[in-house]
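# Structural features, examined
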Amino acid sequence: MNINQLIQLKTENKKLSMLTCYDYTSAKIINQSNVDMILVGDSAAMVMHGHTSTLPIDIETMALHVAAVVRGAPDKFIVADLPFMSYRKSLSDNMIAVETLMKVGAHAVKLEGLNGNEELIRHIVDSGVPVMGHLGLTPQSVNTLGGYRVQGKEYKTKIKIITDAKKLQEVGCFSVVLECLPSTLAKQITKALEIITIGIGAGNDTDGQVLVIQDMLGMSSDFKPKFVRRYLDAEQLFLKAFNAYDAEVKSAEFPNQQESYS
Ligand code: KIV
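Residues numbered from 1 in each chain as written. Predicted model: local features only at pLDDT ≥ 70, side-chain atom pairs only at ≥ 80, totals over all residues. Heavy atoms only, no water.

## Topic: the nonpolar core
Note the threshold: Residue types Ala, Val, Leu, Ile, Met, Phe, Trp, Tyr and Cys, when buried and joined through side-chain atoms within 4.5 Å, form a set referred to as a nonpolar core. Buried, partly exposed and exposed residues are distinguished by accessible area as a fraction of the type maximum, computed with a 1.4 Å probe on protein chains only: under 20%, between the cut-offs, and over 50%, respectively. Strands are runs of DSSP state E lasting at least 2 residues, helices are runs of H or I lasting at least 4, and numbering of each runs from the N terminus. Any two residues having at least one pair of non-hydrogen atoms within 4.5 Å are treated as being in contact.
Leu82, Leu101, Ile124 and Ile189 are the most contacted members of the largest nonpolar core, which has 56 residues in total. Ranked by residues supplied to this core, first place goes to helix 4 (residues 59-72) with six residues. With residues near it in sequence (within four places) discarded, Leu101 still touches Ile59, Met62, Ala63, Val66, Ala80, Asp81, Leu82, Ala106 and Val109. Counting residues in each nonpolar core, the second largest holds 16 residues, with Met18, Leu39, Val79 and Val177 among its members.

What follows is the structure in structure tokens.
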């Protein structure tokens, strides 16, 4: 999958699927699936490293995750998140962050918000790197937003999000993630834009959807926002397997003769 094929799918009114992924083994499985795109999200900070927000992850850690996913999923279009503050410094420092992710094999970078990023986005795009924007609930701004909640409910914020989406298109983004928006707003933005919209908690009228892999696999029973659909109860399946292993080790049923060397 490449950027032209993705754009072609949008032109044909076909929906696009995207999943987050952070490791080689999961990437290998996604590579065998029909999923169109992978996002190596900074959500890795939370789901892979146990932080309470996406803020602590740095560019070096993101690059390790991206490199592992690239090795596992050579056939997928891979977008890498620029982590918190890595693109809010000098132009040369910002470009070093972009370069770090692209040199380990990402096909595009994603960054959150518009304000103050316009020139940088133009520069990244002019340097041959596709950029995905991210509007609505932008988790790197959780401290400004006052929590993880639906955005664009009030008239003023709604207008700002629409204006920002148009501006992201104007400065060269090929796509934009719309996170936690009322469906009607996400629909309005999708209609107003030519670029690909990818929704998460933004209803069914965006061009595509993204979910965090741990959420859709049901790996954590204590986290189930309204917009997540669980396609597996992995937590229970894992627990069952771990306890079966434990029981068979303790009863000396594992390993048996076939599982041992003579
Ligand atoms: O980091 C991430 O997983 C994301 C998605 C929620 C869009 O940015």
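## Topic: the domain arrangement of the chain
Basically, it comes down to this: Boundary definitions for the domains trace back to an automatic or database domain assignment. Note on terms: buried area is the combined drop in 1.4 Å-probe accessible area of two parts once they are placed together, counting the loss on both.
When the domains of the chain are assigned, the result is domain 1 (3-231) and domain 2 (233-262). Relative to domain 2, the C-alpha centre of domain 1 lies at a distance of 38 Å. Between domain 1 and domain 2, the residue contacts involve five residues of the former and four residues of the latter. For the pair domain 1 and domain 2, the two sides together bury roughly 380 Å², of which 48% comes from carbon and sulfur.

## Overview of the pairing of strand 8 (residues 208-211)
Where we set the bar: Whether two strands pair depends on DSSP finding at least two bridges between them.
In this structure, strand 1 (residues 16-20) lies alongside strand 8, joined through four bridges in parallel fashion. Bridge pairing links Leu19 to Leu211 in strand 8. Across two bridges, strand 7 (residues 196-200) lies against strand 8 in parallel orientation. Across the sheet, the residue bridging to Ile198 is Gly208, located in strand 8.

## Quick word on the sheet that holds strand 7
We apply this condition: Whenever a helix is involved, its axis is fitted only over the stretch in contact; in every case the axis is a line through C-alpha atoms, and angles between N-to-C directions fall within 0 to 180 degrees.
Judged by pairing direction, the barrel is parallel, and its eight strands sit side by side in the order 1-2-3-4-5-6-7-8 before closing back on the first. Adjacent strand axes in the sheet meet at a mean angle of 25 degrees, parallel and antiparallel pairs treated alike. Bridge analysis of strand 3 (residues 77-81) against strand 4 (residues 108-110) gives three bridges, and the strand direction is parallel. The residue bridging Ala80 from the neighbouring strand is Val109, located in strand 4. Packing of helix 4 onto the sheet brings it into contact with strand 2 (37-40) and strand 3, and relative to strand 2 it is tilted by some 155 degrees.

## A look at the site of the ligand
Our working definition: Here a residue counts as near a molecule or strand whenever at least one of its heavy atoms sits within 4 Å of it. Polar contacts, as used here, are pairs of N or O atoms within 3.5 Å; protein pairs need one atom able to donate a hydrogen and one able to accept it. Residues neighboring in sequence count only if both atoms are side-chain atoms. Shrake-Rupley sampling with a 1.4 Å probe provides the accessible areas, and residues are treated as covered by the protein chains on show and by no other component. Side-chain classes are defined by residue name, with Ala, Val, Leu, Ile, Met, Phe, Trp, Tyr, Cys and Pro counting as nonpolar, Asp, Glu, Lys and Arg as charged, and the others, Gly among them, as polar.
Neighbouring the ligand are 13 residues, the closest being Gly41, Asp42, Ser43, Asp81 and Lys110. A distance of 2.5 Å separates an oxygen atom of the ligand from a polar side-chain atom of Ser43. Within the contact set of the ligand, an oxygen atom lies 3.1 Å away from a side-chain nitrogen or oxygen of Asp81. For the ligand, whose free accessible area comes to 260 Å², the fraction covered by protein is 96%. Broken down by class, the residue content of the shell around the ligand amounts to five nonpolar, four polar and four charged.

## A closer look at the side chain of Asp42
What counts, and what does not: Lys and Arg are tallied as positive, Asp and Glu as negative. Neither His nor the chain termini are counted. Think of a salt bridge as a Lys or Arg side-chain nitrogen and an Asp or Glu carboxyl oxygen that are within 4 Å of each other.
One can find Asp42 in the loop between strand 2 and helix 3 (44-47). Put simply, Asp42 is tucked away with no salt bridge, and the nearest opposite charge, on Lys110, sits 5.2 Å away. Among the polar contacts made by the side chain of Asp42, one reaches the side chain of Gln140 at a distance of 2.6 Å. In this structure Asp42 touches Thr54, Ile57, Met62, Asp81, Glu112 and Gln140, once residues within four positions along its chain are discounted.

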